[in-house]
Amino acid sequence: MTSALQKNRPGAAFPFDNSYVGLPPHFFAAQAPTAVAEPWLIKLNEALAAELGLDVEALRRDGAAIFSGNLVPEGAEPLAMAYAGHQFGGFSPQLGDGRAILLGEVVGRSGKRYDIQLKGAGPTPFSRRGDGRAAIGPVLREYIISEAMFALGIPATRALAAVTTGEPVYREEVLPGAVFTRVAASHVRVGTFQYFAARGDTDGVRALADYVIDRHYPALKEAENPYLALFEAVSERQAALIARWLHVGFIHGVMNTDNMTVSGETIDFGPCAFMDAYDPATVFSSIDQHGRYAYANQPGIGQWNLARLGETLLPLIDAEPDGAVDKANIVIKSYGERFQAHWLAGMREKIGLAGEEDGDLDLVQALLSLMQAQGADFTPTFRRLSDLAGDDAAEPGFAASFREPDARGAWLAQWRERLSRDPQTVTERAIAMRRVNPAFIPRNHRVEQAIEAAVENGDFSLFEALLSVLSKPYDDQPAFVAYREPPKPDERVLATFCGT
């Protein structure tokens with residue numbers, strides 16, 4: 001049992017190269033993790049560790065202590081970041097890392113810089129009377145979903161490790177405690193900018209913007225107006241990201257401004273879920289009582305969040321207030337066009353279109369309307385369409401997606417007529433479609449089954465199996481065909497929870 005925090009133990013060093021700690025002191029609070037009773041390593045992402053240039057052997061040996069926060073590696077400069085945020089439309093001027101501690105940054109083998117952060121590592125000055133801890137369920141959920149998003153090719157934070165703490169946490173019930181190690185391009189959020197803007201700290205906003213440009217958008221330093229260019233670049237990345245969420249039926253569930261990164265990564269997987277039967281009004285998050293963050297609302301919320309970022313940048317964009325507003329509004333308005341272009345391009349790929357025609361949007365929307373009316377499950381419908389693109393014998397499988405199999409006939413006729421004008425061969429089309437239409441997603445009921453087995457019985461076999469299947473979402477994997485299936489009526493997950 002480890003009873004006290006250990007520091008700078010030989011052999012535990014990471015190649016830290018910390019930059020955020022060099023910002024002004026009011027950007028964060030120095031905060032060491034709080035030691036736990038008896039840490040145990042659930043999972044180490046060895047492939048990611050190697051990519052980050054970490055010593056995998058040392059992590060196998062000392063990982064439980066390091067990733068629980070009991071052993072602070074040499075070179076770490078632990079801190080909790082300050083930020084604000086709009087939560088379900090209401091502004092909180094001070095949020096911050098209430099249960100997360102940034103150990104430091106490493107530069108991976110690719111030359112990219114990454115944050116390494118512990119979630120659930122104890123209270124911080126931003127905990128707001130919380131215990132700073134995490135339960136095992138949310139830790140496993142974030143591990144599963146973040147790695148699934150990575151495998152799907154969607155920008156997202158990554159899972160480096162998960163550990164149990166040997167201590168209980170108290171929520172609606174007593175649960176086993178755990179700590180999650182998250183890897184991110186950075187943890188700077190729209191809410192980070194809002195923190196300084198809310199205090200009238202224009203110098204702080206400027207320092208943060210300069211930091212973000214240096215770290216994520218270095219080419220913008222040569223722009224005529226770097227801060228306006230930054231706003232445009234963040235808008236572009238968010239438009240592309242949210243379009244990709246919709247392409248796989250992903251519903252974030254809590255798109256507050258403190259959960260939108262300026263790097264363009266998906267972050268925070270608390271109440272997120274993947275849609276089963278297609279319905280644009282789908283909501284899973286138990287705290288989203290009015291559907292603010294429903295599946296179809298996500299693009300608009302992305303624009304709303306970006307408008308809040310734009311407000312913080314106005315003094316930097318132009319010293320003349322009206323001029324700053326005019327310039328920012330152009331970016332905000334262009335977001336809709338950016339999103340629509342990304343979304344339609346991805347939907348063309350999903351239904352096998354290589355070229356572009358004016359009627360493509362109508363064709364896509366007709367399929368989605370048919371799916372909604374017929375209760376078609378989102379993921380297998382597109383996967384079966386991929387099969388049908390390469391083999392007419394697959395038509396019964398596609399028909400099985402609909403309550404009334406004959407309902408698909410009129411749409412299929414339009415689709416085939418449209419395909420006749422595309423340059424791809426049948427084989428090329430089928431291969432291309434299977435690259436963008438996954439066979440496997442993190443089905444909500446499968447995630448819950450894995451969590452329940454771990455919480456109730458200490459059984460991580462379902463967690464491991466699910467990770468293995470989801471690491472190859474575009475492969476058929478015949479041995480795991482059951483993981484492709486929608487939930488049975490008694491398996492349906494109707495609500496997901498935040499975990500704080």
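Below: a short report on this structure. (Residues numbered from 1 in each chain as written. Predicted model: local features only at pLDDT ≥ 70, side-chain atom pairs only at ≥ 80, totals over all residues. Heavy atoms only, no water.)

What about the packing of helix 4 (residues 190-197) against helix 5 (residues 202-216)?
Packed helices, taken two at a time, are described by the angle between their axes plus the distance between the axes.
For step 1, the next point in the chain: For the pair helix 4 and helix 5, the least separation of the axes is 8 Å and the interaxial angle reads 155°. When the axes of helix 4 and helix 5 are compared, the pair comes out roughly antiparallel. Where helix 4 approaches helix 5, its residues Thr192, Phe193, Phe196 and Ala197 are matched on the opposing element by Gly204, Val205, Leu208, Ala209 and Val212.
For step 2, the next point in the chain: When grouped by side-chain class, the residues that make up the contact of helix 4 with helix 5 number seven nonpolar, two polar and no charged. (Axes fitted to C-alpha atoms, helices over the stretch in contact; angles between N-to-C directions. Helix = DSSP H or I, 4+ residues; strand = E, 2+ residues; numbered from the N terminus. Parallel < 35°, antiparallel > 145°, perpendicular 65-115°, else oblique. Contact = heavy atoms within 4.5 Å. Nonpolar A, V, L, I, M, F, W, Y, C, P; charged D, E, K, R; others polar.)

Points about helix 6 (residues 226-247)
Every α-helical turn comprises 3.6 residues, leaving residues that sit three or four positions apart pointing alike.
For step 1, the next point in the chain: The first and last C-alpha atoms of helix 6 sit 32 Å apart over 22 residues, in line with the 32 Å expected at 1.5 Å per residue.
For step 2, the next point in the chain: With 16 of 22 residues buried, helix 6 lies mostly within the body of the structure.
For step 3, the next point in the chain: Count one or two residues on from helix 6 and you reach Gly249, which has phi positive near 75°. (Expected span 1.5 Å × (residues − 1). Buried < 20%, exposed > 50% of the residue type's maximum accessible area, 1.4 Å probe, protein only.)

Quick notes on the pattern of salt bridges
For step 1, the next point in the chain: Within this structure, the stated rule accounts for 37 salt bridges.
For step 2, the next point in the chain: Between Asp131 and Arg171 there is a salt bridge, and its shortest N-O distance comes to 2.8 Å. One end of the pair, Asp131, is in the loop between strand 9 (113-119) and strand 10 (134-135); the other, Arg171, is in the loop between strand 11 (158-170) and strand 12 (174-184), and 40 residues separate them in sequence.
For step 3, the next point in the chain: Residue classification places Asp131 among the partly exposed residues on the basis of a relative accessible area of 33%. (Salt bridge = Lys/Arg side-chain N within 4 Å of Asp/Glu carboxyl O.)

Re the pairing of strand 12
For step 1, the next point in the chain: Of all eleven residues making up strand 12, eight are buried, and the element is well covered by its neighbours.
For step 2, the next point in the chain: For strand 9 and strand 12, the ladder comprises five bridges, and the chain directions are antiparallel. By the bridge assignment, Asp115 is partnered in strand 12 with Ala184.
For step 3, the next point in the chain: The pairing of strand 10 with strand 12 spans two bridges and is antiparallel. Along strand 12, the bridge assignment pairs Ala134 with Ala178.
For step 4, the next point in the chain: As defined by bridge partners, strand 11 adjoins strand 12 across nine bridges and the pair is classed as antiparallel. (Pairing = 2+ DSSP bridges.)

Distances and angles like these do not, on their own, reveal function.
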